[in-house]
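# Breakdown of the fold
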Amino acid sequence: MKVLVPIKRVIDYNVKVRVKPDNSDVDLTNVKMAINPFCEIAVEEAVRLKEAGTATEIVAVSIGDKKCQEQLRTALALGADRAIQIETEETLDSLNIAKLLQKIVDEEQPGLVILGKQSIDSDNNQTGQMLAALTGMAQGTFASEVKVDGDKVNVTREVDGGLQTVALNLPAIVTTDLRLNEPRYAKLPDIMKAKRKPLDVKAAGDFGIDLSPRATLLKVAPPAERSAGVVVESVDELVEKLKNEAKVIS
Amino acid sequence: MAILVYVEHDNSELKADTLKTVAAAQAIGGDIDLLVAGHNCQAVVDAAATVSGVNKVLVADNAAYEHQLAENVSALVLELAGDYEHILSTALSVGKNFMPRVAALLDVAQVSDIIGVESADTFVRPIYAGNAIATVQSLDTKKVITVRATAFDAVATDGSAEVVALSNATDAGISAHVSDELTESERPDLGAASVVISGGRGMQNGDNFKLLEGIADKLGAAIGASRAAVDAGFVPNDMQVGQTGKIVAPDLYIAVGISGAIQHLAGMKDSKIIVAINKDPEAPIFQVADYGLVADLFDTLPELESKL
Ligand SMILES: Cc1cc2nc3c(=O)[nH]c(=O)nc-3n(C[C@H](O)[C@H](O)[C@H](O)COP(=O)(O)OP(=O)(O)OC[C@H]3O[C@@H](n4cnc5c(N)ncnc54)[C@H](O)[C@@H]3O)c2cc1C
């Protein structure tokens with residue numbers, strides 16, 4: 001079974017983003033970038049499926065400018081077999097990303113597509129579900145466990161009340177939650193090997209899809225700052241303040 | 001202009017956050033219909049009919065919708081979508097699961113997790129774990145939107161909407177429910193509680209969460225956790241507060257043994273009053289806390305419980 005893993009280049013999760021002074025967008029100049037943490041979990045899951053003999057080939061795909069090749073190389077170092085970059089200078093919204101990925105699904109015919117449940121920049125939590133809709137596949141979102149069983153995959157999902165397990169017909173779409181696995185670190189020899197693995201570049205404009213944006217970003221503002229509070233010296237003082245100053249307990 | 005709001009429920013109870021999503025719908029403006037998709041969900045339908053400002057409650061009560069599988073529910077909403085300009089759902093696990101599927105089937109984008117309505121096509125939403133707030137104008141004719149409930153005030157429940165039974169029964173046949181493993185708790189829902197007390201890695205193990213329980217009992221609080229506490233297996237996943245867990249905004253949030261990573265802050269920094277108990281005076285949680293207590297939690301918690 002072939003596994004397709006779409007990944008995204010995003011701000012490193014340790015970096016606190018700043019808003020541009022003109023409020024047009026966030027400022028990403030000279031900011032450390034990385035593979036989206038949920039995408040990294042997706043790559044790891046695919047690699048584990050391959051190690052278990054369930055997956056036979058892992059194809060990583062990313063949509064973005066040339067720099068996203070770095071993240072594709074990371075995926076290759078972690079164990080993906082080959083990579084596809086769909087090149088575009090534009091920031092595309094989730095629907096257009098899903099439409100491009102649909103084309104790759106048509107070409108590659110994977111048995112399973114594993115994506116991150118959300119990217120930590122736009123926090124949209126949409127692409128996997130949209131790709132599932134466009135390809136007519138079943139979806140197992142927010143996965144904390146994935147078990148392929150014949151022509152089905154059982155996905156345990158993190159939901160509001162706890163966990164839910166669903167059985168999906170293959171091919172299917174899975175989106176990863178944090179506890180699906182703990183991604184490995186790429187070893188130096190694997191990083192070297194990754195440089196020689198195949199990486200195809202395709203132009204986003206060549207797929208015959210209308211990629212015009214569906215929304216206009218009017219403004220990006222910093223959030224309301226909380227004013228710094230006070231340090232209390234004792235539990236007594238804390239209780240007193242909560243009762244008489246904040247009036248949140250009685 | 002008409003708006004369809006999807007009702008979040010578990011077949012027996014209407015989730016209170018739906019009342020906040022209806023408030024978002026009112027801010028957009030238009031005739032509001034509710035959709036209840038489930039099975040043997042009469043109690044939910046009865047509750048939905050009392051939601052203020054609602055025109056009709058559409059009910060699809062069928063085995064195909066019992067577990068609100070995304071494949072089936074999205075097909076149902078698609079069948080109804082023609083009559084509506086806006087389709088809204090709360091940004092909880094059911095809505096987050098099926099709504100983007102609806103959007104893609106309608107060939108429109110989705111505006112996720114809105115915290116404000118500027119006009120019928122312009123919405124405010126947090127990005128980058130809430131470290132930036134974007135205002136976006138949707139260019140699509142139909143708008144598919146999920147709503148962050150904590151940003152809106154619940155509407156009243158003194159209405160009496162007309163209930164319309166639907167005969168739709170689409171089972172896409174590509175997915176099936178296998179099992180649920182739900183956390184049983186007598187405590188208030190994290191999203192609905194006016195007081196939340198959360199423990200982090202500093203709690204050291206699951207047993208020590210008992211130290212929070214006594215306090216939670218006295219305050220009628222819900223108990224939450226950081227990702228580190230959930231990952232370590234101290235408590236179940238549904239207790240995680242943060243960018244990728246639950247978003248809470250209670251009157252009082254008490255963070256115990258939590259450092260205050262941006263991903264955790266994203267889920268709680270809109271709380272009215274924040275208390276931090278941490279032995280490290282440099283912990284970033286103190287930068288957002290109204291009241292900080294630099295102390296060992298193992299001394300503090302028993303004392304706090306006894307003094308409440
Ligand atoms: C993609 C992604 C998504 C994430 N999503 C979330 C999310 O939704 N929610 C979330 O919480 N995190 C999330 N995280 C994780 C986040 O980055 C932090 O790792 C996590 O919040 C840390 O949890 P913590 O504060 O409990 O642990 P730590 O950072 O280890 O902090 C423990 C704190 O306990 C204090 N402490 C220890 N012992 C005591 C004691 N005896 N008395 C008093 N204080 C004590 C320490 O001083 C320390 O400040 C996410 C990370 C990533 C990469």
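Chain B is annotated in an unreviewed UniProt entry as Electron transfer flavoprotein subunit alpha from Thalassotalea eurytherma. According to UniProt, the comment filed for chain B under the heading Sequence similarities (unreviewed entry) is "Belongs to the ETF alpha-subunit/FixB family."

Identification of chain A as Electron transfer flavoprotein subunit beta from Thalassotalea eurytherma is taken from an unreviewed UniProt entry. Looking at chain A in UniProt, the text filed under Sequence similarities (unreviewed entry) is "Belongs to the ETF beta-subunit/FixA family."

## Some remarks on the overall build of chain B
Assigned secondary structure in chain B consists of eight helices and 16 strands. Counting only C-alpha atoms and orienting by the principal axes, one finds that chain B spans roughly 60 × 40 × 40 Å. Of all 308 residues assigned to chain B, the portion counted as buried reaches 60%. Counted over contacts in chain B with a minimum sequence separation of 6, partners at least 24 positions apart contribute 65%. Looking at chain B, you have 19 positive and 41 negative side-chain charges, and the mean spots of the two groups are 6 Å apart.

## Overview of the packing of helix α4 (residues 127-135) of chain A against helix α4 (residues 93-105) of chain B
Look at α4 of chain A against α4 of chain B: their axes get within 7 Å of each other, and the N-to-C directions meet at 50°. By the criterion of interaxial angle, the relationship of α4 of chain A to α4 of chain B is oblique. As for how α4 of chain A packs across α4 of chain B, the hand of that crossing is right-handed. Counted together, Q129, M130, A132, A133 and L134 of chain A of α4 of chain A and K96, N97, P100, R101, A103, A104 and L105 of chain B of α4 of chain B form the full contact between these two elements. Per-class residue counts for the contact of α4 of chain A with α4 of chain B are eight nonpolar, two polar and two charged.

## Points about the UniProt feature "domain: Electron transfer flavoprotein alpha/beta-subunit N-terminal" (unreviewed entry) in chain A
As annotated in UniProt, the feature "domain: Electron transfer flavoprotein alpha/beta-subunit N-terminal" (unreviewed entry) corresponds to residues 23-211 of chain A in the numbering used here. When the span residues 23-211 of chain A is considered, its composition is 30% helix and 33% strand, and the gap between its end C-alpha atoms is 25 Å.

## Some details on the sheet that holds strand β14 (residues 215-221) of chain A
Read from one edge of the open sheet, four strands run β14(A)-β8(B)-β7(B)-β6(B), paired in antiparallel fashion. Edge strands, defined here as strands with exactly one partner in the open sheet, are β14 of chain A together with β6 (116-119) of chain B. Here the average twist between neighbouring strands, direction ignored, is 30°.

## Looking at the UniProt feature "domain: Electron transfer flavoprotein alpha/beta-subunit N-terminal" (unreviewed entry) in chain B
Here, UniProt's "domain: Electron transfer flavoprotein alpha/beta-subunit N-terminal" (unreviewed entry) annotation points to residues 3-181 of chain B. End C-alpha atoms of residues 3-181 of chain B are separated by 34 Å, and the span's content is 25% helix alongside 34% strand.

## Examining the site of the ligand
Of all residues adjacent to the ligand, which total 30 residues, the nearest are R201, S226, S259, Q263 and N278 of chain B. Residues close to the ligand are split across chains A and B. Between the ligand and R227 of chain B, the relevant distance is 2.9 Å, taken from an oxygen atom to a main-chain nitrogen or oxygen of the residue. In this structure, Q240 of chain B approaches the ligand through a side-chain N or O atom, which is 2.8 Å from an oxygen atom. Considering the ligand on its own, with 980 Å² of exposed area, one finds that the protein chains cover 86% of that surface. Those elements that place two or more of their residues in the shell around the ligand are α1 (37-51) of chain A together with α6 (227-231), α7 (262-265) and α8 (297-307) of chain B. Here the residues of the shell around the ligand are counted per class, giving 12 nonpolar, 13 polar and five charged.

## Considerations on the packing of helix α6 (residues 235-244) of chain A against α8 of chain B
At their nearest, the axes of α6 of chain A and α8 of chain B sit 10 Å apart, and the two run at 45° to each other. Looking at the two axes, α6 of chain A sits oblique to α8 of chain B. Between α6 of chain A and α8 of chain B lies a crossing of right-handed hand. Contacts from V235, D236, L238 and V239 of chain A of α6 of chain A reach α8 of chain B at T300, E303, L304 and K307 of chain B.

## A word on the domain arrangement of chain B
Residue and element names in this part refer to chain B. Assigned domains of chain B: these are domain 1 (2-165) and domain 2 (195-307). Between the C-alpha centres of domain 1 and domain 2 the distance comes to 31 Å. Taken together, the five residues of domain 1 in the interface contact seven residues of domain 2. When the buried surface of domain 1 facing domain 2 is broken down by residue, A129, R148 and T150 rank first, second and third, together holding 73% of it. One can count one residue pair in polar contact (both at pLDDT 80 or more) joining domain 1 with domain 2. Looking at the side of domain 1 that touches domain 2, its residues break down into one nonpolar, three polar and one charged.

Criteria and thresholds
What you see as residue numbers is a count from 1 along each chain, following the sequence as written. In the order they appear in the text, chains get letters beginning with A and ligands get numbers beginning with 1. Given that this is a predicted model, residues contribute local features only at a pLDDT of at least 70 and side-chain atom pairs are listed and counted only at 80 or more, while totals for whole chains, interfaces and linings are drawn from all residues. Hydrogens and waters are ignored; side-chain quantities use all the structure's heavy atoms. UniProt positions are given in the numbering used here, feature names are shortened, and annotations may be inferred rather than shown by experiment. Secondary structure elements follow DSSP: runs of H or I of four or more residues count as helices, runs of E of two or more count as strands, with numbering from the N terminus. Relative accessible area decides the class of each residue, using a 1.4 Å probe on protein chains only: under 20% of the type maximum gives buried, over 50% gives exposed, and in between gives partly exposed. Residue contacts are defined here by distance: any two heavy atoms, one from each residue, within 4.5 Å place the two residues in contact. Charged residues are defined here as Lys and Arg on the positive side and Asp and Glu on the negative side; His and the ends of the chain fall outside this count. Charge positions come from single atoms, namely NZ of Lys, CZ of Arg, CG of Asp or CD of Glu. Comment: axis = line fitted to C-alpha atoms, over the contacting stretch for helices; angle = value between 0 and 180 degrees taken between N-to-C directions. Put simply, angles under 35 degrees are roughly parallel, angles over 145 are roughly antiparallel, angles from 65 to 115 are roughly perpendicular, and the rest are oblique. Put simply, a crossing is left-handed when the front helix is turned counterclockwise from the back one by less than a right angle, and right-handed when it is turned clockwise. Residue polarity follows a fixed list, in which Ala, Val, Leu, Ile, Met, Phe, Trp, Tyr, Cys and Pro are nonpolar, Asp, Glu, Lys and Arg are charged, and the others, Gly among them, are polar. Pairing between strands is defined by DSSP: at least two bridges between the two strands are required. Each residue is tested against the molecule or strand, and it is near if at least one of its non-hydrogen atoms lies within 4 Å. Between N or O atoms, a polar contact is any pair within 3.5 Å; within protein, one atom must be a potential hydrogen donor and the other a potential acceptor, and residues adjacent in sequence are included only when both atoms are from side chains. Computed with the Shrake-Rupley method and a 1.4 Å probe, the accessible areas treat only the protein chains shown as cover for residues. For the purposes of this description, domain bounds are those given by an automatic or database domain assignment. The quantity reported as buried area is the accessible area (1.4 Å probe) lost by two parts once they are put together, taken as the sum for both.

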